[in-house]
Amino acid sequence: MISSILSDAWRIFRERFGVIAAVVVVIWLPCELLSSYLDAFVFGPDDFRKSFKFAQLLDNFIGIIATAGVTFIAISARSGPDATFGSAIGAGFGAWGRMWWTRFLSGIALLFAFLLLIIPGVYLLTRLCFVESIVVAERISGSRAMRRSLEITKDRFWPTFRLGLVILLLLIVPAGAVILPTILIPALDHWLVDAASQLACDVIGAFTTVALLCGYQNYSNEPGTA
């Protein structure tokens, strides 16, 4: 099952890379420029906490537009007709309220789960991994999207956990190839280079969004398994 999900996701990502990259770049370019500028001239190189919090703020309020747009592209690629740049951007902005509310509620639930212990947090994170795909595909939000993700992952924790782990491992190599030179080569230590490398990682990371959409649709079309 994992191999079929990933192969389908890779096909969509490869065939629709142009529009996927365009959506990600348009949404994330100003964010990465601002974030890298603040890291270099405001926060300082050692203030990881402020840098991380600001990056999370950008993702939670602006990055979700790109996530919704890429999800819409993947849905269109599977069911047709293919999404255009304009329709994908429109879908991203149109889903903003649902995406923000769902991420807010699921974030609170995950915070309490991780406060209990790491294992409950990882368990809930795995069970809720499809909420944002559901927000765009089913046009529901908040607790309804969370319940829907819990429903389709019922008796599927380990397959879902393995899917997430494989996706993470697949992203580490290309992301590392982009980021490591900026760390190891002093001449590349510039805030514009940092912004460019982070933007490249955003484009690479869009594969996760496509893969989760494919996983959600695969689970939705099959009966639960133990």
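Given the structure is predicted, the values throughout are model-derived calculations rather than measurements.

**Student:** Help me understand the side chain of T102 in this model?
**Tutor:** Mapped onto the fold, T102 is located in helix α5 (residues 96–116). Once residues lying within four places of it in the same chain are set aside, the contact partners of T102 are V131, V135, S141, G142 and A145.

**Student:** Could you clarify how one ought to interpret the environment of R147 in this entry?
**Tutor:** Mapped onto the fold, R147 is located in helix α8 (residues 142–152). By relative accessible area, which is 52% here, R147 ends up exposed. Each C-alpha atom of the pair R147 and R127 lies 9.6 Å from the other, and the pair is 20 residues apart in sequence.

**Student:** How should the pattern of salt bridges be read in this particular structure?
**Tutor:** Pairing between side chains of opposite charge can happen when the charged atoms of each approach one another. Summed over all chains, the structure comprises eight salt bridges. For the salt bridge of R78 with D8, the shortest nitrogen-to-oxygen distance reads 1.9 Å. Within this pair, whereas R78 is found in helix α3 (residues 48–79), its partner D8 is found in helix α1 (residues 2–15), the two being separated by 70 residues in sequence. As a salt-bridge pair, R103 and E132 come within 2.7 Å of each other at their nearest N and O atoms. Residue R103 is found in helix α5, and its partner E132 is found in helix α7 (residues 131–138); the two are separated by 29 residues along the sequence.

**Student:** What is the right way to read the confidence of the model for the protein from this model?
**Tutor:** Any residue range with low pLDDT should be treated as having predicted coordinates unsuitable for detailed reading. For the protein, the average pLDDT comes to 93, and 97% of its residues sit at 70 or higher. The weakest mean pLDDT in the protein belongs to helix α9 (residues 157–184) at 93; the strongest belongs to helix α4 (residues 85–94) at 98.

**Student:** Sorry if this is basic, but what is going on with the nonpolar core here?
**Tutor:** Side chains of a nonpolar character, in soluble globular proteins, are inclined to be buried together. Within the largest apolar cluster, 51 residues are counted, with the highest numbers of intra-cluster contacts made by I20 and V210. Elements that contribute at least two residues to this core include exactly α1, α2 (17–43), α3, α4, α7, α8, α9 and α10 (191–220). Residue contributions to this core peak at 11 residues, all from α10. When neighbours within four sequence positions are excluded, I20 is seen to be in contact with I12, F13, V70, I73, A206 and V210.

**Student:** Help me understand a nonpolar patch on the surface in this model?
**Tutor:** A surface patch of nonpolar side chains, amounting to about 630 Å² of accessible area, comprises W101, F104, I108, L111, F112 and L115. In this fold, F104 is placed in helix α5. Residue F104 is classed as partly exposed on the basis of its relative accessible area of 37%.

**Student:** Help me understand the environment of D59 in this model?
**Tutor:** You can see D59 is positioned in helix α3. Not counting the four nearest positions on each side in its chain, D59 is found in contact with W28, I64 and R103.

**Student:** When you look at the packing of α1 against α10 in this model, what are you seeing that I'm missing?
**Tutor:** What describes two packed helices is the angle between their axes and the distance between those same axes. At a minimum axis separation of 8 Å, α1 and α10 run at an interaxial angle of 130°. The angle between α1 and α10 places the two elements in the oblique class. Considering only the axes of α1 and α10, their crossing is right-handed. Of the residues in α10, those in contact with S4, I5, L6, D8, A9, W10, I12 and F13 of α1 are V203, I204, A206, F207, V210, A211, C214, G215, N218 and Y219. Of the residues in the contact of α1 with α10, the class split is 14 nonpolar, three polar and one charged.

About the criteria used
- Residues numbered from 1 in each chain as written.
- Predicted model: local features only at pLDDT ≥ 70, side-chain atom pairs only at ≥ 80, totals over all residues.
- Heavy atoms only, no water.
- Helix = DSSP H or I, 4+ residues; strand = E, 2+ residues; numbered from the N terminus.
- Contact = heavy atoms within 4.5 Å.
- Buried < 20%, exposed > 50% of the residue type's maximum accessible area, 1.4 Å probe, protein only.
- Salt bridge = Lys/Arg side-chain N within 4 Å of Asp/Glu carboxyl O.
- pLDDT = per-residue confidence, 0-100.
- Core = buried A, V, L, I, M, F, W, Y, C linked by side-chain atoms within 4.5 Å.
- Patch = residues over 30% accessible without salt bridge, like charges linked within 9 Å, V, L, I, M, F, W, Y side chains within 5 Å.
- Areas by Shrake-Rupley, 256 points an atom, 1.4 Å probe, with all protein chains shown as cover.
- Axes fitted to C-alpha atoms, helices over the stretch in contact; angles between N-to-C directions.
- Parallel < 35°, antiparallel > 145°, perpendicular 65-115°, else oblique.
- Left-handed = near helix turned anticlockwise from the far one by under 90°.
- Nonpolar A, V, L, I, M, F, W, Y, C, P; charged D, E, K, R; others polar.

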